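# Descriptive analysis of the structure
Chain by chain, the residues run as shown.
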Amino acid sequence: MSGDRDLYICYNEYLNTYMKSFFILDCDEQKKIADSLYGYFVGITANQKPNQFWTHLNRKQIKDYLSIPNLELTKWFDSLGLKIRDMSFTVTTDKIKTSPHIDEPPVIAKINFPVLNTERTYNVWFDEFGKEIDRVECLKPIVLRSNIMHTVEIDDSAVLPRIQFSFCFYNEPLHLLK
Ligand SMILES: [Fe+2]
């Protein structure tokens, strides 16, 4: 199947040349949305403390949250023309961390939303040789490319636990990375 592999390498080279690693989004209600997501996180984790970096929410959990009336998050995604496909959150503590990785396909463009203690923590991207190509402090929501090596870097002065939500969509916001 070397043809398929060549095509894949070609496609990735195309993406690397023409796409940014991230794009910072303006969100007028960022604090309100973060507070709401934090409340949701507290509810979900009340009886089950997260013991891994990633927690994927199931359909019912996603539906329960999105059916809250007048949700600022829904209004914001509506204004961006995005329909949520999946929601997850990441927690960093002294014991839970992540290392450089590529997210599961097929999603390429996700939105990360900072919720708690994301100051002095950074999304960092690497090329295929492990050389850093981009970094951004996690202060605002971003669209990010998740199909190239990336990680979250935590400065020694950062406060833990750090919580961030991550969303992917039926219609990926790829145009924002061009
Ligand atoms: Fe990731």
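### Quick word on the overall build of the chain
- Scanning the chain from terminus to terminus reveals four helices and nine strands.
- Secondary structure of the chain in N-to-C order comes out as α-β-α-β-α-α-β-β-β-β-β-β-β.
- For the chain, whose C-alpha radius of gyration is 17 Å, the value lies close to the compact-globule estimate of 16 Å for 178 residues.
- With the principal axes as the frame, the chain shows a C-alpha extent of 50 × 40 × 30 Å.
- Across the 178 residues of the chain, 24% fall into the buried class.
- A fraction of 87% describes how many contacts in the chain between residues 6 or more apart in sequence connect residues 24 or more apart.

### What about unusual backbone geometry?
- Cis geometry marks the peptide bond from L160 to P161; its omega dihedral reads 5°.
- A positive phi angle, near 60°, is found at N70, a position not held by glycine.
- Along the chain, N70 turns up in the loop between α3 (59-66) and α4 (72-80).
- Classification of N70 as exposed rests on a count of 6 C-beta atoms within 10 Å.
- One non-glycine residue, N117, lies in positive phi territory at about 55°.
- On the secondary structure map, N117 appears in the loop between β4 (109-116) and β5 (121-126).

### A closer look at the sheet that holds strand β8 (residues 150-154)
- Taken together, three strands build an open sheet; the order of strands is β6-β5-β8 and the sheet is antiparallel. Of all strands in the sheet, those with a lone pairing partner are β6 (132-137) and β8, marking the two edges. Each strand axis lies, on average, 25° off the axis of its neighbour in the sheet, ignoring direction.
- Examined bridge by bridge, β5 and β6 share five bridges and lie antiparallel to one another. The residue of β6 that forms the bridge with Y122 is E137.

### Structural notes on the pairing of β4
- The buried count for β4 comes to seven of eight residues, which makes it a mostly enclosed element.
- Two elements, β4 and strand β7 (residues 142-145), share four bridges in a ladder whose sense is antiparallel. Directly across from I111, in β7, lies its bridge partner V143.
- Pairing between β4 and strand β9 (residues 162-169): five bridges, direction antiparallel. Counterpart to F113 in the pairing with β9 is F165.

### Some words on helix α2 (residues 30-45)
- For α2, spanning 16 residues, the distance from its first C-alpha to its last is 22 Å, which sits close to the expected 22 Å at 1.5 Å a residue.
- For α2, every residue scored as buried is listed here: I33, A34, L37 and Y40. One side of α2 holds all its buried residues, which, seen down the axis, span an arc of 125°. Turned more than 90 degrees off the buried face of α2, the exposed positions are K31, G39, V42 and G43.
- Contacts made by the buried residues of α2 are with α3, α4, β4 and β9.

Conventions used here
Residues numbered from 1 in each chain as written. Predicted model: local features only at pLDDT ≥ 70, side-chain atom pairs only at ≥ 80, totals over all residues. Helix = DSSP H or I, 4+ residues; strand = E, 2+ residues; numbered from the N terminus. Rg over C-alpha atoms; globule rule 2.2 N^0.38 Å. Buried ≥ 20, exposed ≤ 12 C-beta atoms within 10 Å, placed from the backbone. Contact = placed C-beta atoms within 7 Å. Pairing = 2+ DSSP bridges. Axes fitted to C-alpha atoms, helices over the stretch in contact; angles between N-to-C directions. Expected span 1.5 Å × (residues − 1). Arc of directions from axis to C-beta.

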